[in-house]
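# Residue-level structural notes
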Amino acid sequence: MLRIENRAFLTNETGTKHVGNKFLDCFKEVLVRDFLDPYLELVKLLHESSRIEHILWVQYLFVAYSIKPKFSSLLGFFSPDSNGFFGVAAQKMSHLYYVNEFLIRLEVLPNFERGNFPAQFEIYPFRLNLERLGPMSLAKFIYINSPAKYFYDHSLDRAYDGKLTGKLNEVLGLNYKVNYLGSIYSTIIEVASELETSGQLSFSIQENIIRMKEIKKMSEESHFEFFRNVFMGTHTSIAHISNIWDLPISDTSYPSFEISPNLSALKGHTYEIKDDQLRLMAYLGNIHYWIVLKLLLQAYLDGSNFMEYMKMSKNHIVGPMKIISAKLAQKGHGIPFDRLSVGYTYNSRAHNYLDIVKLLIEGRTISHLLQNLPSAFNFEIYNQSVEKLKILNQSK
């Protein structure tokens, strides 16, 4: 579990403490180090980071699926860019992939597990909910992706003249508690560099360190800027509507549907969706989410064909999952992204392949039980995916 500790005050060259807008290094919040050994510490950090990346990826998708059709320009395309929620979600999925790739490089099993919603991490002063697009979700995304020092070095905030900080505190109610920690990737890079020079490894992890630097840069720059622009109402998709986040949620010009947070499609769950047909449709959305996770795992086990598995994953995210979400959103629900109860088996490529096929068959069966799937739903995706998997499996 990641935890924060406060380090002692630092002083400037004159020996005096900084104050006001120059309060840059008076104290420093850092991640608690549990292990002296850099290998053990790095594995811990990457394992915890994979959980956070997974949680955020799911949140970004949920937010994207909550957006009304008239604001579809906020979605963008499911390709790695930071111009829309789909693009940011695609990049976040790749972050999850590369963090797990680093674990595998260190001869550790990848981690696709995550906590339930609402999720609580010690390093964030709020709970993470599976919630629609709105000021609360955006404020949390900004806080999480913000660079260290951003909110108390006003020279970095000239464009908004301090308004952003005030709005964030207004929404989050943090009493001006700001994110001094910054990205956890700073610590990952530091410990990984220590391990690289320690002489413990018989191989280099320099390429993995470069990946971590790229993730840090992307999160603290392009992702942060995207979320900030949407939150402040300056993004080109919504800038024509004055004070858009002050509108009632019921207003047709509000960008997202009103969707209940943290529900479940699992029968008997405390927060299960009550309508049987809607619950079954949401469960079908779960199955496609689980298929995507299993496809990511198969990309590691296969050792090649990475792009093919990414394309298959994308087909499920922008195909059935998007169509199901659009239907559910009109009824005040979303895909609940329940956790996969059967887990993830890393030691057998053939076993995981069979798991994916079984999930595809399960999805096909449930899709035919549903009475109100939209006409745009592609029922052939199940057979198409099975055939593609067979080809990839035979190529080894």
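Position numbers for residues start from 1 in each chain and track the written sequence from start to end. pLDDT decides what is reported in this predicted model: residues at 70 or higher carry local features, side-chain atom pairs at 80 or more are listed and counted, and totals for whole chains, interfaces and linings draw on all residues regardless. Only heavy atoms go into the side-chain values, all of them from the structure, while hydrogens and water stay out.

## Quick look at the overall build of the chain
Here a strand is any run of E in DSSP of at least two residues, a helix any run of H or I of at least four, and the numbering for each starts at the N terminus. Along the chain, the regular secondary structure elements total 11 helices and 4 strands. Using a 1.4 Å probe on the protein chains alone, a residue whose accessible area is under 20% of its type maximum counts as buried, one over 50% counts as exposed, and one in between counts as partly exposed. Out of the 396 residues belonging to the chain, those deemed buried represent 54%. Within the structure as shown, the chain displays about 18,000 Å² of accessible surface, and the carbon and sulfur contribution to it stands at 52%. Computed with the Shrake-Rupley method and a 1.4 Å probe, the accessible areas treat only the protein chains shown as cover for residues.

## Structural notes on the pattern of salt bridges
Should a side-chain nitrogen of Lys or Arg be within 4 Å of a carboxyl oxygen of Asp or Glu, the pair is scored as a salt bridge. What the rule picks out here adds up to 15 salt bridges. Between Lys390 and Glu387 there is a salt bridge; the shortest N-O distance is 3.6 Å. Here Glu387 and Lys390 lie together in helix α11 (residues 381-394), a separation of 3 residues that amounts to about one turn. For Lys390, a relative accessible area of 35% translates into the label partly exposed.

## Concerning the nonpolar core
Take the buried residues of types Ala, Val, Leu, Ile, Met, Phe, Trp, Tyr and Cys, join any two whose side-chain atoms come within 4.5 Å, and each joined set is a nonpolar core. Leu42, Trp57, Phe85, Met212 and Phe337 are the most contacted members of the largest nonpolar core, which has 122 residues in total. No other element matches the 17 residues that helix α7 (residues 276-302) contributes to this core. Once residues within four sequence positions are removed from consideration, Leu42 is found in contact with Phe102, Leu106, Ile188, Val191, Ala192, Leu195 and Ile205. A contact between two residues is defined here by any heavy atoms of the two lying within 4.5 Å.

## Topic: helix α4 (residues 163-172)
Within α4, burial applies to Leu164, Thr165, Leu168, Asn169 and Leu172. Buried residues of α4, seen end-on, are gathered within an arc of 130° and therefore sit on one face of the element. Summarising the geometry of α4, the exposed residues directed more than 90 degrees from the buried face are Lys163 and Glu170. Residues of α4 that are buried sit in contact with α3 (135-145) and α6 (206-231). After α4 finishes, the residue Gly173 shows a positive phi value of roughly 65°. Within this analysis, the arc is defined by the directions that extend from the helix axis to the C-beta atoms.

## Quick word on the packing of α7 against α11
Two numbers describe how α7 lies on α11: the axes approach to 13 Å, and their chain directions differ by 10°. Between α7 and α11, the angle falls in the class roughly parallel. On the side of α7, the interface is formed by Leu284, His288, Leu295 and Asp302, while α11 contributes Ile381, Tyr382, Leu389 and Leu392. When the residues that make up the contact of α7 with α11 are grouped by side-chain class, the tally is 6 nonpolar, 1 polar and 1 charged. To get an axis, fit a line to the C-alpha atoms, keeping to the stretch in contact for a helix; angles then go from 0 to 180 degrees between the N-to-C directions. In these notes the angle categories are as follows: under 35 degrees is roughly parallel, over 145 is roughly antiparallel, 65 to 115 is roughly perpendicular, and the rest is oblique. Gly counts as polar in this scheme, as do all residues outside two lists: the nonpolar Ala, Val, Leu, Ile, Met, Phe, Trp, Tyr, Cys and Pro, and the charged Asp, Glu, Lys and Arg.

## Regarding helix α5 (residues 185-196)
Taking 1.5 Å per residue as the helical rise, α5 with its 12 residues ought to reach 16 Å, and the 16 Å between its terminal C-alpha atoms agrees with that figure. Turning to α5, its buried residues are Tyr185, Thr187, Ile188, Ile189, Val191, Ala192 and Leu195. The span you would expect from a helix comes to 1.5 Å times its residue count less one.

## Here we look at the confidence of the model for the chain
Of the residues in the chain, 87% reach a pLDDT of 70 or more, and the chain-wide mean stands at 87. The pLDDT score gives, residue by residue, the confidence of the prediction method on a 0 to 100 scale. Below pLDDT 50 for its whole length, residues 8-25 participates in 23 contacts with residues either more than four positions away or in separate chains.

## Quick word on the side chain of Ser146
Considering the arrangement of structural elements, one finds Ser146 in the loop between α3 and α4. In protein, a polar contact requires one atom able to donate a hydrogen and another able to accept it; more generally it is a pair of N or O atoms within 3.5 Å, and residues adjacent in sequence count only if both atoms are side-chain atoms. Within polar-contact distance, the side chain of Ser146 engages the backbone oxygen of Tyr143 at 2.8 Å.

## Quick word on the packing of aromatic side chains
Aromatic contacts are taken between Phe, Tyr and Trp rings whose centres are within 6.5 Å, Trp giving its six-membered ring; a plane angle under 30 degrees counts as stacked, one over 60 as edge-to-face, and the others as tilted. Scanning all chains against the criterion turns up 21 aromatic pairs. On the numbers, 5.5 Å between centres and 80° between planes, the contact of Trp245 with Tyr254 is edge-to-face. As far as burial versus exposure is concerned, Trp245 and Tyr254 are alike and both buried. Three or more aromatic residues joined by ring pairs make a cluster, and in this case those are Tyr60, Phe85, Phe141, Phe226 and Phe227. Stacked on the ring of Tyr98, the Lys or Arg Arg211 has its end atom at 3.9 Å from the ring centre. Counting as a charge over the ring demands two things of the Lys NZ or Arg CZ atom: a distance within 6 Å of the ring centre and an angle within 35 degrees of the ring normal.

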